[in-house]
Amino acid sequence: MIDNNWTKFKVIGDFNTDIRSLYEAWATPAGLEKWFLRKADFYTIAGRLREPGEFVLKEDTYEWYWHGFDDSAVEKGQILEANGTDFIKFSFSGNSIVSINIYTRNGITIVELTQVNIPEETDPSKSLFVQCQVGWTFYFANLKSIMEGGIDLRNKKLEVSSNFK
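Residues numbered from 1 in each chain as written. Predicted model: local features only at pLDDT ≥ 70, side-chain atom pairs only at ≥ 80, totals over all residues. Heavy atoms only, no water.

(A) Representation of helix 1 (residues 19-27) in the model. Within the sequence span of helix 1, burial applies to L22, Y23, A25, W26 and A27. The distance from a side-chain oxygen at the start of helix 1 to the backbone nitrogen of R20 is 3.2 Å, and the residue carrying that oxygen is D18. (Buried < 20%, exposed > 50% of the residue type's maximum accessible area, 1.4 Å probe, protein only. Helix = DSSP H or I, 4+ residues; strand = E, 2+ residues; numbered from the N terminus. Polar contact = N/O pair within 3.5 Å; in protein donor to acceptor, adjacent residues only side chain to side chain.)

(B) Geometry of the packing of helix 1 against helix 3 (residues 128-147). Here helix 1 crosses helix 3 at 130°, and the two axes come no closer than 12 Å. Comparing the axis directions of helix 1 and helix 3 gives the class oblique. Our pair here, helix 1 against helix 3, has a crossing hand that is right-handed. Along its contact with helix 1, which presents S21, L22, A25 and W26, the element helix 3 presents W136, F140, L143 and M147. Of the residues that constitute the contact of helix 1 with helix 3, the class distribution is 7 nonpolar, 1 polar and no charged. (Axes fitted to C-alpha atoms, helices over the stretch in contact; angles between N-to-C directions. Parallel < 35°, antiparallel > 145°, perpendicular 65-115°, else oblique. Left-handed = near helix turned anticlockwise from the far one by under 90°. Contact = heavy atoms within 4.5 Å. Nonpolar A, V, L, I, M, F, W, Y, C, P; charged D, E, K, R; others polar.)

(C) Here's a closer look at a nonpolar patch on the surface. Taken together, the side chains of W6, V130 and V134 define a hydrophobic patch exposed on the protein surface, amounting to about 280 Å² of accessible area. The residue V134 is located in helix 3 in this model. (Patch = residues over 30% accessible without salt bridge, like charges linked within 9 Å, V, L, I, M, F, W, Y side chains within 5 Å. Areas by Shrake-Rupley, 256 points an atom, 1.4 Å probe, with all protein chains shown as cover. Salt bridge = Lys/Arg side-chain N within 4 Å of Asp/Glu carboxyl O.)

(D) Summary view of the nonpolar core. One finds W26, L32, F36, W64, F90, I100 and W136 to be the most contacted residues of the largest nonpolar core, which totals 36 residues. For this core, the leading source of residues is helix 3, giving 8 residues. In this structure, F90 is in contact with Y62, W64, Q78, I79, L80, S96, I97, V98, I100 and W136, ignoring residues within four places of it in sequence. (Core = buried A, V, L, I, M, F, W, Y, C linked by side-chain atoms within 4.5 Å.)

(E) Representation of empty space enclosed by the protein. For the structure shown, the criterion picks out 1 cavity of 30 Å³ or more. A volume near 30 Å³ is recorded for the largest cavity. Lining of the largest cavity is provided by W26, L32, W64, I79, I88 and F90. For the lining of the largest cavity, the per-class residue count stands at 6 nonpolar, no polar and no charged. (1 Å grid on protein atoms, 1.4 Å probe; cavity = no way out; pocket = protein on both sides within 12 Å on 5 of 7 lines; lining within 4 Å. Points joined across faces, edges and corners; volume = space filled by probe spheres on them.)

(F) Representation of the side chain of T109 in the model. Position of T109 among the secondary structure elements: in strand 7 (residues 108-116). Within the structure, the side chain of T109 is placed 2.4 Å from the backbone oxygen of T17, a separation counted as a polar contact. Non-local contacts of T109, meaning those with residues more than four positions away in its chain, are made with G13, D14, F15, T17, D18, I19, L22, I102, Y103 and T104.

(G) Just the pairing of strand 1 (residues 9-15), in detail. Burial along strand 1 is one-sided: F9, V11, G13 and F15 are buried, while K10, I12 and D14, pointing the other way, are not. Sheet analysis places strand 1 next to strand 7, joined by 7 bridges and oriented antiparallel. Its bridge partner being in strand 7, F9 is matched across the sheet by Q115. (Pairing = 2+ DSSP bridges.)

(H) Structural context of the layout of surface pockets. Within this model, the second largest pocket holds a volume of roughly 150 Å³. S21, E24, A25, T28, A30, G31, K34, W35, G53, L143, I146 and M147 are the residues that line the second largest pocket. Listed by contribution, the elements that provide at least two residues to the lining of the second largest pocket are helix 1, helix 2 (29-35) and helix 3. With 4 residues, helix 2 is the single largest residue contributor to the lining of the second largest pocket.

(I) Structural context of the pairing of strand 3 (residues 61-65). Direction of pairing for strand 2 (residues 39-43) relative to strand 3: antiparallel, over a ladder of 5 bridges. The partner of D41 across the bridge, within strand 3, is E63.

Laid out in C-alpha cells, this is it:
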C-alpha cells in the first residue's frame, strides 16, 4: 500500500534572471506586489511598517491582501527565516510553513518552494494541500511572466470572478 503524504509538497520553477532579482521578488513588499499580492504589509518587531523596497527580516509579521478579494480576505503570518540573499521561510495558511530556496543550476536560476505542516482535511473541498499547490503553481507562472518581461496574469478586478487572482 502506498502512503500518500498530504501534509507537504514542493513546487519548482526555472527563471531566466538572477538570484538577487528573485530574492527581491520574494523578500520585499514591492517585490511581492509585482507578481503575487495586491498589498504586502510587513511590520518590524517594534511595529514599524517596512518600506516597499526594504527587505523583510526574521520575526517580521505580515498582512497580505490578494487581487480579486476585499480586505476581509487577509493572510497574517510571520517571517521565520530570511538570510538576505537566497532563502526565506514564513508561516502560512493553516499553520503551515513555506520555505523558498533560490539557486542556480546549469546556468538557470531555480526557485524551490516547499510547504510543510499542511493540516489534513476530511472534506476535500477544504484541502490546503490542493488549494495551495494549485495557487503556488499559478503564481510561479505569473512570477516567470513578470520576471521575463511578460504580462501580469492576475485578475485585478474585484467584480470579476476568476481563479486568476
